[in-house]
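So you can see what is in the structure, the chains are spelled out below.
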Amino acid sequence: MALSQIESAKLGHLLRRAGFGARPEEWDAYARLGVAGTTDALLHPERAPDHLGSVLKDIDGDFVDFHNMDSVKMWWLYRIAHTQRPLEEKMTLFWHNHFATANYKVDNPAWMWGQNETFRANALGNFRTMLKAVSRDPAMLVWLDGADNRKGRPNENYGRELLELFTMGVHGGYTEQDVKEAARAFTGWRFDRDSSTFSFDAGQHDDGPKTFLGQTGNFNGDDIIDIVARHPSTAHFLCTKLFKFFISDTPTPADTAPFERVYFNSGYDVRAVVGAMLTSGAFYAPAAMYSKIKSPVEMVMTTVRTLDVPMSALNYLPGTLRSMGQDLFNPPNVKGWTEGQSWMNTMTLMERVNFINQVVREMGNRGEFSDKLHGAIARAGMPVNTPEAAVNALWTTFMPGRQPSVQTRAALTAYASNGWKPGEARFENKSSGLVRLILSAPEYQLA
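Presented here is an overview of the structure given in this document.

Cut-offs applied
- Residues numbered from 1 in each chain as written.
- Predicted model: local features only at pLDDT ≥ 70, side-chain atom pairs only at ≥ 80, totals over all residues.
- Heavy atoms only, no water.
- Axes fitted to C-alpha atoms, helices over the stretch in contact; angles between N-to-C directions.
- Helix = DSSP H or I, 4+ residues; strand = E, 2+ residues; numbered from the N terminus.
- Parallel < 35°, antiparallel > 145°, perpendicular 65-115°, else oblique.
- Left-handed = near helix turned anticlockwise from the far one by under 90°.
- Contact = heavy atoms within 4.5 Å.
- Buried < 20%, exposed > 50% of the residue type's maximum accessible area, 1.4 Å probe, protein only.
- Phe/Tyr/Trp six-rings, centres within 6.5 Å; stacked < 30°, edge-to-face > 60°.
- Lys NZ or Arg CZ within 6 Å of the ring centre and 35° of its normal.
- Nonpolar A, V, L, I, M, F, W, Y, C, P; charged D, E, K, R; others polar.
- Salt bridge = Lys/Arg side-chain N within 4 Å of Asp/Glu carboxyl O.

1. Concerning the packing of helix 21 (residues 406-417) against helix 22 (residues 427-440)
Helix-helix packing is characterised by the crossing angle of the two axes and by the distance between the axes.
Turning to step 1, where the next piece is worked out: Running from N to C, helix 21 and helix 22 point in directions that differ by 165°, and their axes come no closer than 10 Å. The angle between helix 21 and helix 22 falls in the class roughly antiparallel. As helix 21 packs across helix 22, the resulting crossing turns out to be right-handed. In contact with L412, Y415 and A416 of helix 21, helix 22 contributes K430, G433, L434, L437 and I438.

Spelled out as structure tokens, the structure:
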């Protein structure tokens, strides 16, 4: 289905921000749905089959070892590459950074995988439910020392980060005494190491009265979560992070206020908040489009999906992402990755260029580049019979709705024109070089 340029630009923007781009056949399906229909489909991943098991079986059988961190990392990247539920995976990536937990301390890949599944299961669910699930998660109980939190000797790590990083924010209005009282409420929260399931040690739980955020009672951890989930600071903190993730890096309180109302009116429903953002005027504002620097995972997996790159054609992807600054399952600290401009420096930019060169080279070696590229540019429906047309078609394929700068267009056209005589069909000779240049351009690093 042919979309107008405006609709094509909006659909491309939606799929970049709420997913990881689209494979050629997926683009056709989404184009038939239109922007509104695609938004609805993304917000309801449960309607699409979770077919990763059959994909892995087709590739190489059941090779995932959930006790091996490298294997777990590849498992997640396969999920992102082949998912029919892109927003679910995008939200899993969001929660991975929000509840930043690292295996360099947890030291148990199976628990890290289990936490990743918790994020996926609650990706668009109720925020209070997510908080209670994460608070019982074995990896989190190790990461923030909850398993060592006991009556008479409360460990404040989890209570502090629950307030500072997961719900209310640094200036959310809580006091140091509130942190201490929250820590007391979570005493006795344990997990069984054999079954990796939550357990409660009543003998280590402080069941005395506590005063937390002005309320007094014999609170346990769930009570603390109930109180913070309904606090205005939590609505503001969470909606600000979601706004930065989906719309722009610099929201004002006025920008997030409508979504904070959705948070409360929906009973803390993340799907409702994200849906309100994806259908807002702010999401499609010209200033928002191509305004965010892609994270390494976004840049790599968008390229993989757009060109339908076989994962087997690439070097060890977790290592590539680590070189770009995003080591999955190992965020730098409890605050997670800073994102934004922090993704870019001389070294990480060079790693991005090297990755693009590897994609084009390996697909060319396999004889797959031309077919995959033509599959991708078919959606643009544009000719490629002149240097200028070839540049336009390829640019539009990868960045619909965005024009190259004058300097970038001049450089691409000069490259395409070199040796291309009038009347000749030389697209095949120029396409790989043009793709290298376009995907290495500053514009492609933006979502």
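Read on, since the account is not over.
2. A short note on helix 12 (residues 221-229)
Owing to its 3.6 residues per turn, the α-helix aligns residues three or four sequence positions apart on the same side.
Turning to step 1, where the next piece is worked out: Counting buried positions over the nine residues of helix 12 gives eight, a clear majority of the element.
Turning to step 2, where the next piece is worked out: Along helix 12, the residues that are buried comprise G221, D222, I224, I225, D226, I227, V228 and A229.

3. Observations regarding the packing of aromatic side chains
Aromatic rings in a pair are described by how distant their centres are and how their planes are angled relative to each other.
Turning to step 1, where the next piece is worked out: The full count for this structure, using the stated rule, is 24 aromatic pairs.
Turning to step 2, where the next piece is worked out: When the centroid spacing of 5.6 Å and the interplanar angle of 80° are considered together, the rings of F66 and W75 count as edge-to-face.
Turning to step 3, where the next piece is worked out: Arranged with centres 6.5 Å apart and planes meeting at 40°, the rings of W337 and W343 form a pair that is tilted. Taken individually, W337 and W343 each receive the classification buried, so the pair is uniform in this respect.
Turning to step 4, where the next piece is worked out: Among the aromatic residues, those joined into a cluster by ring pairs are F94, W95, F99, F119, F127, Y158, F166, F186, W189, F198, F245 and F246.
Turning to step 5, where the next piece is worked out: Lying across the ring of Y284, K10 places its NZ or CZ 4.8 Å from the centre.
Turning to step 6, where the next piece is worked out: One cation-aromatic arrangement involves R136 over F198; the distance from NZ or CZ to the ring centre is 5.0 Å.

4. A few points about the packing of helix 1 (residues 5-17) against helix 2 (residues 24-43)
Turning to step 1, where the next piece is worked out: Contact geometry of helix 1 with helix 2 gives a least axis separation of 10 Å together with a crossing angle of 65°. Crossing hand, helix 1 versus helix 2: left-handed. Two secondary-structure elements touch here, helix 1 through E7, S8, K10, L11, G12, L14 and L15 and helix 2 through W27, Y30, A31, V35, T38, T39 and L42.
Turning to step 2, where the next piece is worked out: Partitioning the contact of helix 1 with helix 2 into residue classes produces eight nonpolar, four polar and two charged.

5. Regarding the pattern of salt bridges
Turning to step 1, where the next piece is worked out: Tallied over the full model, the rule gives 24 salt bridges.
Turning to step 2, where the next piece is worked out: In this structure, K73 and D327 form a salt bridge, with 2.8 Å as the shortest nitrogen-oxygen distance. A residue pair is termed long-range when its members are at least 10 positions apart, and K73 in helix 4 (residues 69-82) and D327 in the loop between helix 17 (317-323) and helix 18 (346-365) qualify at 254 residues.
Turning to step 3, where the next piece is worked out: In this structure, R160 engages E156 in a salt bridge whose closest nitrogen and oxygen atoms are separated by 2.9 Å.

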